[in-house]
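Single-letter residue listing:
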Amino acid sequence: MNLAYRPFHPKWHRKRMPIFWWLGQLSYIGFITRELTSLAVGYAAVLLLAEVWTLGLGAEAHARFLRFLAAPPVVGFHLLVGAALLFHSVTWLNLAPKALVVRLGRRRLPDWAVVAGHYLAWIVASAVIVWWLRGGR
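Residues numbered from 1 in each chain as written. Predicted model: local features only at pLDDT ≥ 70, side-chain atom pairs only at ≥ 80, totals over all residues. Heavy atoms only, no water.

Once that is clear, we can look at the overall build of the protein. Secondary structure summary: the protein contains six helices and two strands in total. Moving toward the C terminus, one meets the helices and strands of the protein in the order α-α-α-α-α-β-β-α. Against the 2.2 N^0.38 benchmark of 14 Å for 137 residues, the protein shows a C-alpha radius of gyration of 24 Å, more extended than a compact globule. With the C-alpha coordinates aligned to their principal axes, the bounding extent of the protein is approximately 80 × 45 × 35 Å. Taken over 137 residues, the protein has a buried fraction of 15%. Of all intrachain contacts in the protein linking residues separated by at least 6 positions in sequence, the fraction that spans at least 24 positions is 46%. Surface summary for the protein: the accessible area is close to 11900 Å², and the carbon and sulfur share equals 71%. (Helix = DSSP H or I, 4+ residues; strand = E, 2+ residues; numbered from the N terminus. Rg over C-alpha atoms; globule rule 2.2 N^0.38 Å. Buried < 20%, exposed > 50% of the residue type's maximum accessible area, 1.4 Å probe, protein only. Contact = heavy atoms within 4.5 Å. Areas by Shrake-Rupley, 256 points an atom, 1.4 Å probe, with all protein chains shown as cover.)

Bringing a nonpolar patch on the surface into the picture now. A contiguous nonpolar surface patch, about 790 Å² in accessible area, is contributed by Leu120, Val124, Val128, Ile129, Trp131, Trp132 and Leu133. Structurally, the position occupied by Trp132 is in helix H6 (residues 111-133). Judged by its relative accessible area of 61%, Trp132 is exposed. (Patch = residues over 30% accessible without salt bridge, like charges linked within 9 Å, V, L, I, M, F, W, Y side chains within 5 Å. Salt bridge = Lys/Arg side-chain N within 4 Å of Asp/Glu carboxyl O.)

A separate point is the side chain of Arg34. Relative to the helices and strands, Arg34 is located in helix H1 (residues 26-36). With a relative accessible area of 11%, Arg34 lands in the buried category. Excluding its chain neighbours within four sequence positions, the residues that come into contact with Arg34 are Phe87, His88, Thr91, Trp92 and Leu95.

It is the contact of H1 with helix H4 (residues 72-94), at a shortest axis distance of 9 Å, that shows an interaxial angle of 120°. The orientation of H1 relative to H4 falls into the category oblique. Judged by the twist between their axes, the crossing of H1 over H4 is left-handed. Contacts between H1 and H4 involve Gly30, Thr33 and Arg34 on the former and, on the latter, Phe87, His88, Thr91 and Trp92. (Axes fitted to C-alpha atoms, helices over the stretch in contact; angles between N-to-C directions. Parallel < 35°, antiparallel > 145°, perpendicular 65-115°, else oblique. Left-handed = near helix turned anticlockwise from the far one by under 90°.)

Aromatic ring pairs are reported here in terms of the distance separating the ring centres and the angle at which the planes meet. A full pass over the atoms with the stated rule returns four aromatic pairs. Seen from their ring centres, Phe20 and Trp22 are 6.1 Å apart, and the 65° between their planes marks the pair as edge-to-face. On the accessibility criterion, Phe20 (53% relative accessible area) is exposed. By relative accessible area, Trp22 is classed as buried at 19%. With a centroid separation of 5.4 Å and an interplanar angle of 65°, the aromatic rings of Trp21 and Tyr28 are classed as edge-to-face. In this structure Tyr28 comes out as partly exposed when scored by relative accessible area, which is 36%. (Phe/Tyr/Trp six-rings, centres within 6.5 Å; stacked < 30°, edge-to-face > 60°.)

Here you go:
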């Protein structure tokens, strides 16, 4: 039997951290802002699902939904959501070289090339979606 053994460990001393600790540096503010803009991404997904649901309810229900979306306060709110989505997308794409290391043989692809590839893919995907929504002509 070990005489030095204690069944309960003493509580460690921890320095109190203020709730707004992240306001101390600009990089922390950017990180927290990007994380908070994920709420806008979730909102956009729920809005899309709501529109599909109203389409299933019929033309009149969808027309009411579109009238609601055309209201000035809703349009203003969606402009803010769009800005948050743009900020989220840009900051997320700029993180790509930190998460994705591409090697060609023994050489590593430069960070700017990884970012440029992601932006190019974003532009091409957006162009294909716009082309498809306009009727594919």
